[in-house]
Amino acid sequence: MFNTIMVPVDLAHIETLEPALAVTADMAKHHNARICYVGITAITPGSVARTPEEYEQKLNAFAEKRKEVHGQPVSVKVYASADPTADLDDLLIKATKEVQADLVVMATHPPRHLDALIPSHGGKVATHTQASVFLVRPTDAQD
Amino acid sequence: MATIPDDKSPDDKTPSEAAPSEGIPAPEGAANLIDTDYVIGQDNITASPLGINVDLHGKVFLFSSIVILLFVILTLALQDQMEPIFNSMFSFLTTNLGWFFLLGANVFALLALVLIFTPLGKVRIGGADATPDFGYLGWFSMLFAAGMGIGLMFYGVAEPLGHYGTAMGGISVGEDGVRTDWAPLGAAAGDQAGAIDLSMAATIFHWGFHPWGAYAIVGLSLAIFSFNKGLPLTMRSIFYPILGERIWGWPGHVIDILAVFATLFGLTTSLGIGATQAAGGLEYLFGIPANDTTLVLLILGITLVALGSIMLGVDKGVQRLSQINMVLAALLLGFVIIVGPTLMIATGVVDNLVGYVTHLPALSMPFGREDANFSQGWTAFYWAWWIAWSPFVGMFIARVSRGRTVREFLISVLLIPTLASVVWMTAFGTTAIDQVVNSGITEVQDAALELQLFTMLEYLPLSAITSFIGIVLVIVFFITSSDSGSLVIDSITAGGKVDAPKPQRIFWALIEGALAIALLLGGGLAALQTAALTTGLPFTLVLLVGCYAIVKGLMSEPRSGKPEPRKAKTV
């Protein structure tokens, strides 16, 4: 049913991604789908990488590691922005279209009051693209 | 659901693994990263109080907040005591250290100018193959709006008129043999043509190479050390060639805290004082009373629009507002040129440029000045002002300039804005002086400083429309300063991160508005602005270090178009 699964990855907070990565691996194996890991980084030096190129290199290494886990074909795509905090939603929408993803799997936080002011990114992607969107809550919030 | 990713994920943030010892690609194309074990954000505190994520540099955020709070409380509580202290501090600086500001500004302007013509101008910010993030128009609009914007609105008419008056008045000497007049250089008593020439040269001097030279030095040094050397985008990074790894400790914290202090108080006090002036304009034009309610509403409105702009980000918020600004300013300028004394303005641009260059050596001379009132009260004051603003403007300029070559950067930050200032000052100044000289109108000269622009427009056609555009421009210029300033303060207090959570930037924009209102109602705006200007002194030193850092940093960069083999070399 799904050919390309897109997974937005924040290398600085990889621990929060684990449930989403696990879901992605299962889905990819089940549908025999490709996985594209998408990274959005600042053009300025940051905690993970000092240049967008370094970020891409690290994301590639990450994707290869993930491939050892699930065995499905992987690719990466990195977007660099002067203001990643503000541009995140637009870049995710752009990425969904550019990698032709039919499923987006995203880690998300539990619902909270601030969502009214700063809406979640997954909702935005679902509103603006044709892809299916799977929002994965953190494991400790699931029980 | 058993497949948990390998723990050895590549984001592992231990310094030994993150250190770019091998296999780290350079910024796009060849460049020379600095080899440091420091990981950006390693001193940051991340937490989620009340579900709001924060990611802050603990010490810089904490201490700058404390310093800011302390100064605000002191100023509010002890207004009568604090104002004279700040004032005497500042006048001590401009009187006794005026030469230092003048000398420093000369160094900045000269270095920026010379670099354009050296082979170092070929170095590309962000690496040899980097591509610009913003188009020319958007980029330039942001440079200009952040750089001077608002000042042009207030001084475009007032300053040429002021200098013209004092120059015509000639030299007067007090009993102690010291000049008491405020005329530039040797004045031009009774010589109308000479006084016009001198007043325009003096005005352009204060809005030309020197201010933009200071901005260019901060912007370029930060851009090089951030995009090419891989250090965080905060003021401390340009000290790397001198202090090395010590910039990650207290010397670095102090520089960053100082930058936050200067930027926040610079912005807050301009917001407060600017709102007073905008309200004055509204009262003059529409009869809206300029009382506290109007002022608070104006500040709230400006803060709200600035909030919207920073939520939208640099690309869709700040850039668009700056472009709107640019279009409005161009319309107003075009209008004044067409309905004003067009021929005088056209020939004036060339004459004033020649006059500026002719008088430049004498005007910028740091020593042996006889026009003490002018060189200390005007020039040194302006230099302290521009230099105190330079961390904010420079950091913002740096952030949007990746992908430009050093030459392109300097031409756009130094030459084009200087030319734009020449045209702007000539158009507004010539029109105002023409009204005085040829039409005998004295109302403009007699009007309050902030109303001189509107009074001048009144003697031109369609003044209802143009004055309205003028007010809107003033307000939009404030918004663009407020939003880019909040972004700058946020990234300094986040240890150079530009991807810190959104609530932080909202916090800074709100603080600016709140402090402006508190100071406006409680008093002390002018006092705190003076306090912010005194940071011009330490920042002159910071900028001199910046000059050294630029040369040192650029020398170790491969020049664009002539790729050299990469060497594992540090600065």
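This one's a predicted model, so the numbers in the text were calculated from it and none came from an experiment.

Engineer: Looking at this structure, how should I read the overall build of chain B?
Structural biologist: Each helix and strand in chain B was counted, giving 20 helices and 2 strands. Judged by the C-alpha coordinates and their principal axes, chain B covers about 85 × 55 × 50 Å. Within chain B, the proportion of its 571 residues that are buried is 61%. Within chain B, counting contacts between residues at least 6 apart in sequence, those at least 24 apart form 82% of the total. For chain B, the exposed surface amounts to about 20,500 Å²; the carbon and sulfur share of it is 67%. For chain B, the distance from the average site of its 25 positive side-chain charges to the average site of its 41 negative ones is 14 Å.

Engineer: Please clarify how the side chain of Thr44(A) should be interpreted in this entry.
Structural biologist: Among the structural elements, Thr44(A) can be located in the loop between β2 (34–42) and α2 (52–70). Ignoring anything within four residues of it in the chain, the contact list for Thr44(A) reads Arg50(A), Ser226(B), Phe227(B), Leu233(B) and Val498(B).

Engineer: Mind showing me how you'd approach the pattern of salt bridges here?
Structural biologist: Any two side chains of opposite charge can pair if their charged atoms end up close together. The final tally for this structure, using the stated rule, is 13 salt bridges over all chains. A salt bridge links Arg369(B) to Asp371(B); the shortest N-O distance between them is 2.9 Å. For the pair Arg369(B) and Asp371(B), a shared accessibility class is recorded, and that class is buried. Salt bridges here are not isolated pairs; linked through shared partners, they connect Asp83(A), Arg399(B) and Arg505(B).

Engineer: I tried to follow a nonpolar patch on the surface on my own but got confused; where do I start?
Structural biologist: Residues and elements named next belong to chain B. Taken together, the side chains of Leu62, Phe63, Ile66, Trp250 and Val254 make up a nonpolar region of the molecular surface, amounting to roughly 460 Å² of accessible area. Counting only elements with at least two residues in the nonpolar patch, the list comes to α2 (58–77) and α10 (250–286). The leading source of residues in the nonpolar patch is α2, at 3 residues. With respect to the secondary-structure elements, valine 254 resides in helix α10.

Engineer: How do you make sense of the side chain of Thr430(B) when you look at a structure like this?
Structural biologist: Residues and elements named next belong to chain B. Looking at the secondary structure, you find threonine 430 in helix α14 (residues 406–439). Look at threonine 430 and you get buried, because its relative accessible area is 9%. From its side chain, threonine 430 meets the backbone oxygen of threonine 426 in a polar contact 2.5 Å long. Ignoring any residue separated from it by four or fewer positions in sequence, one finds threonine 430 in contact with Pro341, Met344, Ile345, Asn352 and Met425.

Engineer: Where do I start with the confidence of the model for chain A in this structure?
Structural biologist: It should be kept in mind that the predicted coordinates are not to be read in detail where pLDDT is low. Predicted confidence across chain A gives a mean pLDDT of 84, with 90% of residues reaching 70 or more. The lowest-confidence element of chain A is helix α4 (residues 121–128) of chain A, averaging 83 in pLDDT; the highest-confidence one is strand β1 (residues 4–9) of chain A, averaging 91.

Engineer: What should I look at first to understand unusual backbone geometry in this one?
Structural biologist: Backbone phi values are negative for most residues with the exception of glycine, while trans is the configuration of most peptide bonds. Residues and elements named next belong to chain B. One non-glycine residue, leucine 185, adopts positive backbone phi at about 50 degrees. Locating leucine 185 in the fold gives a position in the loop between α6 (150–169) and α7 (192–207). Judged by its relative accessible area of 17%, leucine 185 is buried. At alanine 187, a residue that is not glycine, the phi angle is positive and equals roughly 55 degrees.

Engineer: I tried to follow empty space enclosed by the protein on my own but got confused; where do I start?
Structural biologist: A probe matching the size of a water molecule, rolled over the atoms, marks out where space remains unfilled. All names here are of chain B. Scanning all chains against the criterion turns up 7 cavities of 30 Å³ or more. By volume, the largest cavity is sized at about 110 Å³. Around the largest cavity, the lining comprises 13 residues; the ones closest to its centre are Ala146, Gly147, Met148, Ile150 and Trp389. Sorting the residues of the lining of the largest cavity by element identifies α5 (136–147), α6 and α13 (372–399) as the ones contributing at least two each. Among the elements that line the lining of the largest cavity, the one with the most residues is α13, at 4 residues. Taken together, the residues of the lining of the largest cavity sort by class into 9 nonpolar, 4 polar and no charged.

Cut-offs applied
Residues numbered from 1 in each chain as written. Chains lettered and ligands numbered in written order. Predicted model: local features only at pLDDT ≥ 70, side-chain atom pairs only at ≥ 80, totals over all residues. Heavy atoms only, no water. Helix = DSSP H or I, 4+ residues; strand = E, 2+ residues; numbered from the N terminus. Buried < 20%, exposed > 50% of the residue type's maximum accessible area, 1.4 Å probe, protein only. Contact = heavy atoms within 4.5 Å. Areas by Shrake-Rupley, 256 points an atom, 1.4 Å probe, with all protein chains shown as cover. Lys, Arg positive; Asp, Glu negative; His and termini not counted. Charge placed at Lys NZ, Arg CZ, Asp CG, Glu CD. Salt bridge = Lys/Arg side-chain N within 4 Å of Asp/Glu carboxyl O. Patch = residues over 30% accessible without salt bridge, like charges linked within 9 Å, V, L, I, M, F, W, Y side chains within 5 Å. Polar contact = N/O pair within 3.5 Å; in protein donor to acceptor, adjacent residues only side chain to side chain. pLDDT = per-residue confidence, 0-100. 1 Å grid on protein atoms, 1.4 Å probe; cavity = no way out; pocket = protein on both sides within 12 Å on 5 of 7 lines; lining within 4 Å. Points joined across faces, edges and corners; volume = space filled by probe spheres on them. Nonpolar A, V, L, I, M, F, W, Y, C, P; charged D, E, K, R; others polar.

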